[in-house]
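Residue-level structure breakdown
Single-letter residue listing:
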Amino acid sequence: MKRWIRTAVRGALLVEVVGVAVFAAVYDSLDFRIYWLGGGAITEGTRVYSEQLAAHWFTNTPFMAALFAPVSAVPLGVARVVWQLASVGAFAWACSAALELAGRRPSRLAVAAAVAGGLLLEPVWHSLFLGQVNLFLLALVLVDVRRVSLGRPAGIGIGIAAAIKLTPAIFVMLLLIAGRTRAALTAGVTFVLCGSAAFLIAPDASRLYWLHTFYDTSRVGVPYISNQSPYGAAARISGGVAHVGGWFEPVPLAIGFFGLAVAAGWAKRGDWLSAAAVAGVTGLLVSPISWAHHWVWIVPVLILLVRNGGRAIALCGYLLFLLAPLWWTPQGGGPRQYGFHGLLTLVANCYLVAGSVFLVYMAVRLSARRGGRAPVGPIHVDGAGPGAVAFGRAPVPENAGAILGPPLRPGRRPGGPA
């Protein structure tokens with residue numbers, strides 16, 4: 001049976017990777033084209049932000065555009081294929097880091113299964129469909145968090161991720177609140193250095209971005225159904241951005257304080273997978289723009305739920321992000337999209353609802369742990385070193401190893417020989 005599972009997983013993954021390569025060769029992914037054009041325009045004054053590229057605005061940081069400056073010298077089709085295959089590689093890296101944070105040794109089979117299953121989820125394949133950067137950001141953050149959990153020097157990955165797209169900066173706050181000051185300082189310095197490098201390359205574009213563009217949500221369609229943030233939902237329910245009043249301003253602040261408090265609570269207990277998953281979802285709920293393809297954080301969330309024994313909840317979450325029912329609802333405006341229409345509105349904002357429920361769920365679990373009722377999940381191993389966890393002392397399902405791979409053992413290097 002195990003041999004059959006291994007063959008099926010590897011076969012499915014091979015088909016998916018070949019499919020990604022073929023798709024990248026024949027389809028002109030819009031967002032990647034914008035990245036590629038942005039790299040070519042970054043040294044041309046303010047053009048990268050003052051003119052539309054491929055009939056859309058470039059909305060990422062000057063550092064992101066600077067990274068694509070050399071890429072823009074490569075033919076678009078070749079660059080796109082390399083980028084998409086590298087995205088799959090980054091996703092595998094992220095899955096491996098998440099499995100290690102879950103306390104499991106990331107065997108090839110476990111990583112292959114996580115990648116094969118994850119590629120079917122709408123946020124993941126949507127990122128590939130558009131040629132987005134999300135999978136690289138997920139990998140940079142999770143690998144850095146893994147280093148934090150092991151007590152190793154960390155922060156560079158988070159700093160680079162935040163310099164590319166601002167949302168990962170929430171992890172700098174998590175590090176500060178959790179008492180990992182050196183890692184937080186490293187992340188902050190890395191962010192500043194990346195921004196400074198971009199300023200040296202493109203001073204005019206950098207000034208325009210940091211003084212005006214980065215907070216300008218008018219450049220994107222906030223009410224579009226793909227925006228699964230509280231701000232996007234508020235715009236749809238109230239009938240447009242113009243109808244979202246000052247009452248909304250405290251909402252992201254309250255969510256941010258709540259989510260970071262929960263994430264820091266888990267971090268201080270040594271459960272960095274829970275901390276990372278909560279912080280990632282909090283970042284999505286705080287940001288005014290959280291497109292459906294930004295919700296790749298569902299992958300570490302699902303790994304966390306399986307690790308904690310919540311297989312039924314994990315299955316429901318997997319099906320939700322597999323089927324992506326938000327796309328079944330009206331998307332182009334009009335009375336059926338705007339206003340509150342009961343179940344239809346909940347379905348239209350299903351990622352937002354799921355993320356909010358997850359934060360409350362993790363807060364309740366944290367409260368139960370503080371109250372002495374230890375929930376299913378990892379606990380510290382005496383003398384096992386920073387970030388080590390043991391599953392033998394917690395009520396983890398008997399078949400957890402078949403799902404996530406064998407547990408890490410005290411005294412052994414994560415990812416090393418069993």
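Residues numbered from 1 in each chain as written. Predicted model: local features only at pLDDT ≥ 70, side-chain atom pairs only at ≥ 80, totals over all residues. Heavy atoms only, no water.

1. Quick notes on the environment of Leu284
Mapping Leu284 onto the fold places it in helix H15 (residues 272-286). A relative accessible area of 4% means that Leu284 is categorised as buried. (Helix = DSSP H or I, 4+ residues; strand = E, 2+ residues; numbered from the N terminus. Buried < 20%, exposed > 50% of the residue type's maximum accessible area, 1.4 Å probe, protein only.)

2. Details of the packing of aromatic side chains
Any two aromatic rings considered together are summarised by their centre-to-centre distance and by the angle between their planes. Inspection of every chain in the model, using the stated rule, returns 24 aromatic pairs. The interplanar angle of 70° and the centroid separation of 5.7 Å between the aromatic rings of Phe32 and Phe68 together place this pair among those described as edge-to-face. With Phe32 in helix H2 (residues 30-41) and Phe68 in the loop between helix H4 (62-67) and helix H5 (76-101), this pair connects stretches of sequence that are 36 residues apart. For the residue pair Phe32 and Phe68, the accessibility class agrees, reading buried in each case. Cluster of aromatic residues (ring-pair linked, three or more members): Tyr49, Phe58, Phe191, Tyr209, Trp210, Phe214 and Tyr215. (Phe/Tyr/Trp six-rings, centres within 6.5 Å; stacked < 30°, edge-to-face > 60°.)

3. What about helix H10 (residues 170-177)?
For H10, the full list of buried residues reads Ile170, Phe171, Val172, Leu174 and Leu175. On the buried face of H10, the contacting elements are helix H8 (134-149), helix H9 (156-164), helix H11 (181-201), helix H14 (250-268) and H15. (Contact = heavy atoms within 4.5 Å.)

4. Digging into the nonpolar core
Considering soluble globular proteins, one finds that nonpolar side chains tend to be buried as a cluster. By size, the foremost hydrophobic cluster in this structure holds 114 residues, and its most contacted members are Phe171, Leu174 and Trp272. Element by element, the count of residues in this core is highest for H5, at 12 residues. With sequence-adjacent residues up to four places away left out, Trp272 is seen in contact with Leu101, Val145, Val148, Ser149, Leu174, Leu175, Ala178, Arg180 and Ala267. In terms of nonpolar packing, the next biggest core, distinct from the first, is built from 8 residues, Ala234, Ala235, Phe248 and Trp291 among them. (Core = buried A, V, L, I, M, F, W, Y, C linked by side-chain atoms within 4.5 Å.)

5. Some remarks on the pattern of salt bridges
Within this structure, the stated rule accounts for 8 salt bridges. The partner of Glu44 in a salt bridge is Arg47, with the nearest N and O atoms 3.0 Å apart. A residue is classified by how much of its surface remains accessible, and Glu44, at 42% relative accessible area, is partly exposed. Arg47 sits in the partly exposed class, given a relative accessible area of 29%. For Glu51, the salt bridge is made with Arg47, and the minimal N-O distance between the two is 3.2 Å. Three or more residues are tied together by salt bridges with common partners; here these are Asp28, Arg33 and Arg80. (Salt bridge = Lys/Arg side-chain N within 4 Å of Asp/Glu carboxyl O.)

6. Section: the environment of Val88
With respect to the element layout, Val88 can be found in helix H5. The class of Val88 is buried, set by a relative accessible area of 8%. Distance from Val88 to Val124, taken between C-alpha atoms, is 9.5 Å for residues 36 residues apart in sequence. Discounting residues that sit within four places of it in the chain, Val88 has contacts with Val17, Val20 and Leu128.

7. Here's the deal with the confidence of the model for the protein chain
Any residue range with low pLDDT should be treated as having predicted coordinates unsuitable for detailed reading. Considering every residue of the protein chain, the mean pLDDT works out to 89; 87% of them sit at 70 or more. Long-range and interchain partners of residues 374-399, a stretch whose pLDDT sits below 50, account for 51 contacts in this model, where long-range means more than four residues apart. Scored below 50 in pLDDT, residues 410-418 makes 14 contacts in the model with residues more than four places away or belonging to other chains. (pLDDT = per-residue confidence, 0-100.)

8. Overview of the packing of H10 against H11
In contact at an axis separation of 7 Å, H10 and H11 are set at 155° when each is read in the N-to-C sense. Considered as vectors, H10 and H11 are oriented roughly antiparallel to each other. Pair H10 / H11 crosses with left-handed handedness. Residues Val172, Leu175 and Leu176 of H10 lie in contact with H11, whose contacting residues are Thr181, Ala183, Ala184 and Ala187. A breakdown of the residues in the contact of H10 with H11 according to their chemical character gives 6 nonpolar, 1 polar and no charged. (Axes fitted to C-alpha atoms, helices over the stretch in contact; angles between N-to-C directions. Parallel < 35°, antiparallel > 145°, perpendicular 65-115°, else oblique. Left-handed = near helix turned anticlockwise from the far one by under 90°. Nonpolar A, V, L, I, M, F, W, Y, C, P; charged D, E, K, R; others polar.)

9. Topic: helix H7 (residues 122-130)
Within H7, 7 of the 9 residues are buried, leaving the element largely enclosed by the surrounding structure. Burial in H7 covers these residues: Glu122, Pro123, Val124, His126, Ser127, Leu128 and Leu130. Directly beyond the C-terminal end of H7, a positive phi value near 75° is found at Gly131.

10. Overview of the packing of helix H1 (residues 2-26) against H5
Following both chains from N to C, one finds H1 and H5 inclined at 155°, their axes separated by 8 Å at the closest point. Our classification of the angle between H1 and H5 gives roughly antiparallel. When you trace H1 past H5, the crossing you get is right-handed. Along the contact surface, H1 presents Val17, Val20, Ala21, Phe23, Ala24 and Ala25, while H5 presents Arg80, Val81, Gln84, Leu85 and Val88. Considering only residue class, the contact of H1 with H5 consists of 9 nonpolar, 1 polar and 1 charged.

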